[in-house]
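Per-entry structural report
This is what each chain is made of:
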Amino acid sequence: MSQKQALRLVIDGVFFQIGRSGIARVWQKIFEHWIRTGFSEHVVVLDRAGTLPRMPGLITMSLPGFDYAHQARDRLLLQQACDAAGATVFMSTYYTMPVYTPSLMMVHDMIPEVLQWNLDEPMWRQKQEALQYASGYLAVSHNTASDLQSHLAGCLNRTNPDIQVARAGCDFRPAPLEHVEELRHRLGLERPYFMLSGTRTDYKNAALFFEAFANLGDERAKLSVLCTGGGDIDPAFIQLAGPAEVRGTILNDYDMMAAYSGALALVYPSRYEGFGLPVLEAMACGAPVICSNAASLPEVGGPAPLYIDLEDQAIEQLTEQLRAVQHAQVREERIALGLIQAASFSWASMAEHVMRRAQHLHDELHPDAATQQRGHLTRVGRFAQWLPRTHDIESARREHPLFTGMWRHLARSLPAHSEVWDLEAGHGELLALISSERSDIHLTCHELDARAMSFLDINLHRMAHELQQAPVVLSRHQVLDPALTLRDRSPTPAGCTWLRVCGESGALEFELTAAWLQALQPDIVQTAYRGGAASAPQRAVISQLPEWHMAQHWVFDNYGNLMLQTASIEAVLALCDYLDRQANGHASRSIYQLDILSCRDAACAVCHQAATQHLSREHVLVPESSSHVDLTERLAA
C-alpha cells in the first residue's frame, strides 16, 4: 500500500514587499504560531526581494520582487518555486498564483467588489483571477465569507464554494501608564485625545469624524485628535478640528498599544471592513470604541462599541457618541465589555484553522491509498489519469471502441496552434485525448462540480509534468464568466477555436452558453443531447446554433457512429425529438446521447476529415428529410 504524500505548503510572502498594513501582521502572527508548534516544518515561505521579516525556524526561499507589469512571468516563477519545494498546496499573502499547483486563497476583504471600484486596475484584476484560480477559500470574517459567496455566485458563476472562516486574532494588551505618558509627551499630546486608525481614504470615512467633531464647538479647545497610519492629513480636516490639536504619525505595535490605551476612544466610522483589526486591538488595550455598524464591525465588536448607523443622520449620531464616551460611567462600561469581547479572538486559533484547511485541501487533492479506493487509475490516451470508480470510460471503451475515438481524430485534424475550450471538463478526459495527439494546442478547461474538480486538479498536475517539454498550455478555471476568462486571451490567427459546451454533467444554462459563443466566436462547437425534460437547455443551444454562424452539423450516437451530416438544424432537431420519445418510453433503440459537432464554413474541412476518419462500418446515416415516422422505423431496425 502506498504511503500518503505529506503536505507541503508554499506561501508567497509578496505582501511584505508591497505593504505593511494589518495583512502583514496577520501573516507574521500565523508564521510565529506555526514555528512554536512545529508546523513550520511543512511550510516554505517565498521571500520577495529580501522583504520578509527574519523569523528563526521558518523555511524560506528567495525570489525576485513582484511586478504587476509582468504577472504572467511571475506565475511561471512561482510554479518553478512550487516544483522545487515539492508544493502540494499554494497560498499567497496577496493574490499571486502559480500555473497549476492547487491554491488555497485567504480573502481579507471584498472592498473593491462591494464598493464597486474599478476592477480593471492591475491589482484587482489579479485578485479576480486568483479568486477564479483557487481550489479553496478562507475568509477572515463571516461577513467577508458572505460577500465572497455572493461575488463568486453572482460574478464568477461559482456554485456552492467551500468557504471557511478563520477570524483574525489579537495579542495587544493595556499598556503601562508610564508608557502611555511617554508616548503622549513624545507626540505632543497634552490634551485628552480621540484616535483615528488607518489611512484616511474615502471608505474609511474620516470626513464623518471631523464633521461630527466640528459640532463639538468650543469643546474642541480641550481635545486632541491622533491620526495613525500613512498619508497627510487633509487641510479641510484640520480646519474642521478648529482649536483642537491634530497629530499624524505612524507607530509600531508597542507604541500602538500605548496610543490605544491612552485614548478617549478609537473612532472608526468605516463604510466597509473585511474584519476591522483596529477595533479588536483598541478593545484589547482597554479603549472604548465608536464605530459604524457596517459590514464585519458588529461581528468583531460584539456588544462593546458605541455604534453609529451610517444611513441615519450619521453626523448627529457621532457627535452624540463623542460626547457620551467622555463620561466616566460610559467609558468604564465599554472598556469592560471590550476586554471580554477581545479575549474571544486569538492568533493561535486562526493559525490552527489555516493549518487544518490547508491539510484538508491537500487530502482532497492528494488522496492516500485508502482514499484512492474511491477512484482508479486508468489510461486516457497516453496519460495515466485518476477517475472516479463510477466512471464509465472503461466499460464504454470495452463495449464501444469508438466511444472516444472521434475526439482524437478531430484533434489530429485541427490546424496548428488552435484553441480548445472545454466548459464542462469533468475529470480531464477530453484534454488528455487531445494532448495525446497534439503538443501545439492551447487547452483551457472549466469545471463547476467540486468532486470533478478535485480529480481534474490531480490529472492536470500529472499531465503538466509529462508535457513540460512541449509547448502545450494547460489551464483550469472553476468559473464560467467569459469576460474574465477571455480578458487575457492571446490571438491564434494560424489555428481555429473549438468550444465544447456540454460534458458528462449535463447542459449549461442557455444564457451562459450564449455569452460564451458570443464572446469566443468559435469555429467549431461540440454539444450533446440526452433527451427528456432535463435537456431543455441543451435543445435551446442546439436550435440557436445557426444564429451563431454554425453552418454544418455532424451528429453521432453514443457508440460513436455517425448518424447525420447536414446543413439543416431542423434535421438535427428531428433526431433530438427521437431521443425525447425514447426518454418517454415510446422507442426501443438504446441510443441515450447524441454528440453534435457544428462548424462554420471555414472549418468544414477539419470536421469532415475528422468525421470521415471516424466512420464505422455499422454507422446509420439518416437522410436530412426523414420524418419522425421515418426516424422511428430506421432507428428501431
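Anything mentioned here points back to the structure above.
Calculation criteria
- Residues numbered from 1 in each chain as written.
- Predicted model: local features only at pLDDT ≥ 70, side-chain atom pairs only at ≥ 80, totals over all residues.
- Heavy atoms only, no water.
- Helix = DSSP H or I, 4+ residues; strand = E, 2+ residues; numbered from the N terminus.
- Buried < 20%, exposed > 50% of the residue type's maximum accessible area, 1.4 Å probe, protein only.
- Contact = heavy atoms within 4.5 Å.
- Pairing = 2+ DSSP bridges.
- Axes fitted to C-alpha atoms, helices over the stretch in contact; angles between N-to-C directions.
- Parallel < 35°, antiparallel > 145°, perpendicular 65-115°, else oblique.
- Left-handed = near helix turned anticlockwise from the far one by under 90°.
- Nonpolar A, V, L, I, M, F, W, Y, C, P; charged D, E, K, R; others polar.
- Expected span 1.5 Å × (residues − 1).
- Salt bridge = Lys/Arg side-chain N within 4 Å of Asp/Glu carboxyl O.

A tally of regular secondary structure across the protein gives 25 helices and 25 strands. Out of the 637 residues belonging to the protein, those deemed buried represent 57%. Sequence-distant contacts, at least 24 apart, represent 71% of the contacts inside the protein between residues at least 6 apart.

Tracing the backbone through its elements, the reader meets Gln126 in helix α5 (residues 122–133). The exposure class assigned to Gln126 is buried, which follows from its relative accessible area of 3%. Leaving out residues up to four positions away in the same chain, Gln126 has contacts with Phe66, Tyr68, Gln71, Tyr94, Tyr95, Thr96 and Met97.

This part covers the environment of Val555. Following the sequence through the fold, Val555 ends up in strand β23 (residues 552–557). What makes Val555 buried here is its relative accessible area of 0%. With 42 residues separating them along the chain, Val555 and Leu597 place their C-alpha atoms 6.3 Å apart. Not counting the four nearest positions on each side in its chain, Val555 is found in contact with Asn561, Leu562, Met563, Leu564, Val572, Leu575, Leu594, Asp595 and Ile596.

Turning our attention to the sheet that holds strand β7 (residues 163–165). If you trace the three strands from one edge of the open sheet to the other, you get β5-β6-β7, paired in parallel fashion. In this open sheet, the two strands that pair with only one neighbour each are β5 (104–107) and β7. Strand-to-strand twist of the sheet, defined as the mean angle between neighbouring strand axes without regard to direction, takes the value 25°.

Before going further, it helps to examine the packing of helix α22 (residues 536–543) against helix α23 (residues 569–583). Contact pair α22 / α23: the axes reach a minimum separation of 10 Å and the direction vectors enclose 165°. On the basis of the axis angle, α22 is roughly antiparallel to α23. Both α22 and α23 take part in a crossing whose hand is right-handed. Taking contact as the criterion, the partners of Arg539, Ile542 and Ser543 in α22 are, on α23, Ile569, Val572, Leu573, Cys576, Asp577 and Asp580. Tallied by class, residues from the contact of α22 with α23 come to five nonpolar, one polar and three charged.

Now for the packing of helix α11 (residues 277–284) against helix α14 (residues 328–342). In contact at an axis separation of 7 Å, α11 and α14 are set at 115° when each is read in the N-to-C sense. When the axes of α11 and α14 are compared, the crossing they make is left-handed. Here Leu280, Met283 and Ala284 of α11 come into contact with α14, specifically with Gly338, Leu339, Gln341 and Ala342. Among the residues forming the contact of α11 with α14, the class breakdown is five nonpolar, two polar and no charged.

Moving on, we get to α5. Between its first and last C-alpha, α5 extends 16 Å over twelve residues, near the 16 Å set by a 1.5 Å rise per residue. Of all the twelve residues making up α5, nine are buried; the element is thus mostly covered by neighbouring parts of the structure. For α5, the complete set of buried residues consists of Trp124, Gln126, Lys127, Gln128, Glu129, Ala130, Leu131, Gln132 and Tyr133.

On the basis of which strands lie adjacent, the open sheet formed by four strands has the order β3-β2-β1-β4 and parallel pairing. The sheet is open, and its two edges are formed by β3 (60–63) and β4 (89–92), each paired on a single side. Put simply, the sheet's adjacent strands are angled 25° from each other on average, direction ignored. Strand contacts of helix α2 (residues 22–37): β1 (9–12), β2 (43–48) and β4, with the helix running at about 150° to β1, the strand carrying the most contacts.

Our next topic: the pattern of salt bridges. For the coordinates displayed, the defined rule picks out 16 salt bridges. Linking Arg48 and Asp74 is a salt bridge whose minimum nitrogen-to-oxygen distance equals 2.7 Å. Of this pair, Arg48 sits in strand β2 while Asp74 is found in helix α3 (residues 71–85), placing the two residues 26 residues apart along the sequence. Like Asp74, Arg48 is buried. We note a salt bridge from Arg412 to Glu437, for which the minimum N-O separation is 2.8 Å. Placement of the pair is Arg412 in helix α17 (residues 405–413) and Glu437 in helix α18 (residues 429–437), with a sequence separation of 25 residues. Its relative accessible area of 43% is what places Arg412 among the partly exposed residues. The exposure class assigned to Glu437 is partly exposed, which follows from its relative accessible area of 23%. Salt bridges sharing common partners tie together Asp12, Arg48 and Asp74.

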